2 protein chains.
Amino acid sequence: MQKVGKQTIKFDNPPTILETASIVGPKEAQGPLSKYFDMLLEDEFWGEKTWEKAESKIIKEAVNMVITKSGLSADSIDYCFAGDLLNQCISSSFGLRELNIPYFGIFGACSTFVEGMILSSILAEGKAANNVLFAASSHFCSAEKQFRFPLELGNQRPPTSQWTVTGAGSAIISATGSGPYVTYATPGKIVDKGIKDANNMGAAMAPAAVDTLLTHFKDTGRNPSYYDAIISGDLGYIGKEIVIEMLQTYGYKVKSNYNDCGVLIFDKEKQDTHSGGSGCACCGTVFSGYLFNQMKAKKYKKILLIATGALTNATTSQQGESIPGIAHAAAIEI
Amino acid sequence: MQKVGKQTIKFDNPPTILETASIVGPKEAQGPLSKYFDMLLEDEFWGEKTWEKAESKIIKEAVNMVITKSGLSADSIDYCFAGDLLNQCISSSFGLRELNIPYFGIFGACSTFVEGMILSSILAEGKAANNVLFAASSHFCSAEKQFRFPLELGNQRPPTSQWTVTGAGSAIISATGSGPYVTYATPGKIVDKGIKDANNMGAAMAPAAVDTLLTHFKDTGRNPSYYDAIISGDLGYIGKEIVIEMLQTYGYKVKSNYNDCGVLIFDKEKQDTHSGGSGCACCGTVFSGYLFNQMKAKKYKKILLIATGALTNATTSQQGESIPGIAHAAAIEI
């Protein structure tokens, strides 16, 4: 492991993404990626009394599932990283409290999944661990309740708004293995361009994605065309267009090989999801379900996964603050 | 770096804690450790309009201060870790948004400071970075408002309650240096013994501290007496007594060399702080102010710092849940 350029880590003995697991809610189950997810829920409660408890159960079972799928015993997983959007990350801490694996709580808003991937890779290559698990969750109902309005009010959603993905993605990183490998990581800086519209997270996060992408290309000497696919976490339709435009002003063309998990996970026309999916589980489930599958099938050999997060909450919006964004990128190759 | 025993990381080339900085509020400024802190605030607002903005300013200035004290340029700090107790960790993300250093958000409740120390040490020894900064903050007024009652209500505080420390601690870990060194880290598991009293965090967190301490002693082969001081983060008077009693049932005597940052930071009799201090800044400022100073002066040569966190919030309490605890330990030696 070494630092290259301004802020990128190069993994000289790249750790392997051993296995992934994904669970999604009923709306995601009706979307175009449905067949790639491990489990589709029929309702938003999954037998629990509250949305928060349901979200905890989702991440808990996604974690149990990845352990089962990996064939590893829980004992052989050294550490885990997890986070979510709920206040004090309660989905993760309550969901994982019976796991009995040393736990690092992380918070990168919707960038949490790739933050976990990067830190897990650092522990694995650094010989602090052989196997590290990471996971992230979100839930449409608990997120709306907490960040915007109670669902019971039936508020209208503006066209720029995104639909928080209900679900969880989880994965295990191993120090040794046959890939897909995490080869580079570019953790992002906080970027705040003054966007204040809490219903336009794509616009708030896009400049952070551009900052991390430009840095990644410079630090690694790679061009966008090196990757079969560059996939952002949850910029949605609006944020995606902003990234394409902004990169063009810096001389980078990404249109043909660039997409966004929030664009991929829903059918915009049929599902009425406006600017697309969002939430920690957007990147988490699309990677753990769809993208990892495509890499195992060798349809994608080199991808750059860049998860984006809006480091904001209802209080800061009420206090007139703008929305700081962040984006963490990981290069994954077979 | 290598894993030893069940869950401990041994740093073979131990990273150095290059420098620390601490800022505290007016109540902490009247406490017994007053002279060790870098900056004492005269009021809880520090010129800001809200407590949240004040807390952001406190962590921002604690981070700027440790960079200045270290003599490093901000450019030479590769990555930073930060977290706090506010919803979505807004104190850290807003406080550090102009810092221009790649940012990993972490959430370990009041264990955040040592979680940051451990992850920073892993990056530094793993050669992912030369210099890594970490910081944590808390604020009495913003914490009471968010977790319990608005201060304006003047609610009575039960004797088991603790007083959230207003302040921030920050530190820089370097891959090379002359110490104090981080020699071992024992990240903790989530431990939930069913305590439901949100006004008795010490009791909720103590079992996690005991779990991590027992594991640390077994993994390293060290006895409690190896350390000049074992210092927990914010168990307060009640949690401290529980730890002493529980360890005794396992055959470990720690009474003479064990103390707690929450016990140290306030004068219980004169300051009416009931069971003692708490919050991310409790461990953060007592280490960055008092303990680091004692190590530099060689009064302490070997300490075990174990920060404790309650991974809970108001919603989970309202939904009848118990309080999961966690405790992360780092051995620091000169």
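Note that this is a predicted model, so its numbers are computed, not measured. (Residues numbered from 1 in each chain as written. Chains lettered and ligands numbered in written order. Predicted model: local features only at pLDDT ≥ 70, side-chain atom pairs only at ≥ 80, totals over all residues.)

1. Some points on the overall build of chain A
Next, step 1: Within chain A, the secondary structure is distributed over 11 helices and 15 strands.
Next, step 2: In terms of C-alpha radius of gyration, chain A reaches 18 Å, essentially the compact-globule figure of 20 Å for 334 residues.
Next, step 3: For chain A, the C-alpha atoms occupy an extent of roughly 50 × 50 × 35 Å along the three principal directions.
Next, step 4: With 334 residues in all, chain A has 63% of them scored as buried. (Helix = DSSP H or I, 4+ residues; strand = E, 2+ residues; numbered from the N terminus. Rg over C-alpha atoms; globule rule 2.2 N^0.38 Å. Buried ≥ 20, exposed ≤ 12 C-beta atoms within 10 Å, placed from the backbone.)

2. Here's the deal with the relation of the copies chain B and chain A
Next, step 1: For the pair chain B and chain A, the best superposition has an RMSD of 0.0 Å and corresponds to a rotation of 180 degrees with a translation of 0.0 Å parallel to the axis. Accordingly, the operation relating the two chain copies is best matched by a two-fold axis. Measuring from the rotation axis to each C-alpha of chain B, the shortest distance belongs to B:Ile106, at 2.0 Å.
Next, step 2: When the interface residues of chain B are mapped onto chain A, 100% of them are again interface residues, pointing to one common binding face. (Least-squares fit on C-alpha atoms with pLDDT ≥ 70 in both. Contact = placed C-beta atoms within 7 Å.)

3. Digging into helix H7 (residues 236-249) of chain B
Think of an α-helix as turning once every 3.6 residues; residues three or four places apart then point the same way.
All names here are of chain B.
Next, step 1: Taking 1.5 Å per residue, 14 residues should reach 20 Å; H7 reaches 20 Å between its end C-alpha atoms and fits that length.
Next, step 2: Taken together, the buried positions of H7 are occupied by Gly236, Ile238, Gly239, Lys240, Val243 and Leu247.
Next, step 3: Its buried side turned inward, H7 meets helix H6 (201-220), strand S11 (229-232), strand S12 (258-260), helix H8 (261-264) and strand S13 (277-278).
Next, step 4: Phi turns positive one or two residues past the end of H7, at Gly251, with a value near 90 degrees. (Expected span 1.5 Å × (residues − 1).)

4. With respect to the environment of B:Gly47
Residues and elements named next belong to chain B.
Next, step 1: Its place among the elements puts Gly47 in the loop between strand S4 (39-40) and helix H2 (51-70).
Next, step 2: The exposed category is assigned to Gly47, around which 9 C-beta atoms lie within 10 Å.
Next, step 3: Along the chain, Gly47 and Lys57 lie 10 residues apart, while their C-alpha atoms are 9.5 Å from each other.

5. Topic: the interface of chain B and chain A
Next, step 1: Contact residues are listed per partner, giving 52 residues for chain B and 52 residues for chain A.
Next, step 2: Every element with two or more residues in the side of chain B that touches chain A is listed here: strand S1 (2-4), H2, strand S5 (79-84), helix H3 (90-95), strand S6 (103-105), helix H4 (112-125) and helix H11 (314-318) of chain B.

6. Looking at the packing of helix H2 (residues 51-70) of chain A against helix H5 (residues 140-147) of chain A
Working note: a packed helix pair is described by the angle between its axes plus the distance between those axes.
Residue and element names in this part refer to chain A.
Next, step 1: As a packed pair, H2 and H5 sit with axes 8 Å apart at the nearest point and diverge in direction by 135 degrees. Classified by the angle their axes make, H2 and H5 are oblique. Of the two elements, H2 crosses H5, and the hand of that crossing is left-handed. Each of Trp51, Glu52 and Glu55 in H2 lies in contact with H5, whose residues at this interface are Cys141, Ser142 and Lys145.
Next, step 2: A per-class count over the contact of H2 with H5 returns 2 nonpolar, 1 polar and 3 charged. (Axes fitted to C-alpha atoms, helices over the stretch in contact; angles between N-to-C directions. Parallel < 35°, antiparallel > 145°, perpendicular 65-115°, else oblique. Left-handed = near helix turned anticlockwise from the far one by under 90°. Nonpolar A, V, L, I, M, F, W, Y, C, P; charged D, E, K, R; others polar.)

7. Describing the domain arrangement of chain A
Many descriptions give the size of an interface as the accessible area lost when the pieces come together.
Residue and element names in this part refer to chain A.
Next, step 1: The domain architecture assigned to chain A consists of domain 1 (2-174) and domain 2 (181-333).
Next, step 2: If you look at the interface, domain 1 gives 59 residues, while domain 2 gives 60 residues.
Next, step 3: Residue composition of the side of domain 1 that touches domain 2, grouped by class: 29 nonpolar, 23 polar and 7 charged. (Domains from an automatic or database assignment.)

8. Observations concerning the environment of B:Lys268
Residue and element names in this part refer to chain B.
Next, step 1: Within the secondary structure layout, Lys268 lies in helix H9 (residues 268-271).
Next, step 2: Residues Lys268 and Glu44 lie 224 residues apart in sequence; the distance between their C-alpha atoms is 20 Å.
Next, step 3: Contacts of Lys268, omitting those with residues within four sequence positions, involve Tyr237, Thr273 and Gly276.

9. A short note on the pairing of S5(B)
Residues and elements named next belong to chain B.
Next, step 1: The element S5 is extensively covered by neighbouring structure, given that 6 of its 6 residues are classed as buried.
Next, step 2: Bridging between S5 and strand S7 (residues 131-138) involves 6 bridges; their strand directions are parallel. For Gly83, the partnering residue across the bridge sits in S7 and is Ala136.
Next, step 3: Bridge count for S5 against S6 is 3 bridges, and the pairing is parallel. Each residue of the ladder has a partner; that of Ala82, found in S6, is Gly105.
Next, step 4: The β-α-β motif built from S5, the intervening H3 and the parallel element S6 has right-handed crossover chirality. (Pairing = 2+ DSSP bridges. Right-handed = clockwise from strand over helix to strand, strands pointing away.)

10. Here's the deal with the pairing of strand S15 (residues 325-333) of chain A
All names here are of chain A.
Next, step 1: Extensive coverage of S15 is indicated by the burial of 8 of its 9 residues.
Next, step 2: Two strands pair when backbone bridges link them, and strand S10 (residues 181-186) and S15 are joined in this way by 5 bridges, in the antiparallel orientation. Residue pairing across strands places Tyr184 opposite Ala331, the latter belonging to S15.
Next, step 3: Sheet analysis places strand S14 (residues 302-310) next to S15, joined by 9 bridges and oriented antiparallel. Each residue of the ladder has a partner; that of Thr308, found in S15, is Ala327.

11. Section: H5(A)
Next, step 1: Among all positions in H5(A), only A:Phe140, A:Ser142 and A:Ala143 are buried.
Next, step 2: Structurally, H5(A) contributes buried residues whose contacts are with H2, strand S7 (131-138) and strand S8 (163-164) of chain A.

12. Structural notes on the packing of H4(B) against helix H10 (residues 280-296) of chain B
Residue and element names in this part refer to chain B.
Next, step 1: Two numbers describe how H4 lies on H10: the axes approach to 7 Å, and their chain directions differ by 60 degrees. Of the possible angle classes, the one that applies to H4 and H10 is oblique. Residue-level contacts link Thr112, Phe113 and Val114 of H4 to Cys280, Cys283, Gly284 and Phe287 of H10.
Next, step 2: Considered class by class, the residues forming the contact of H4 with H10 number 5 nonpolar, 2 polar and no charged.

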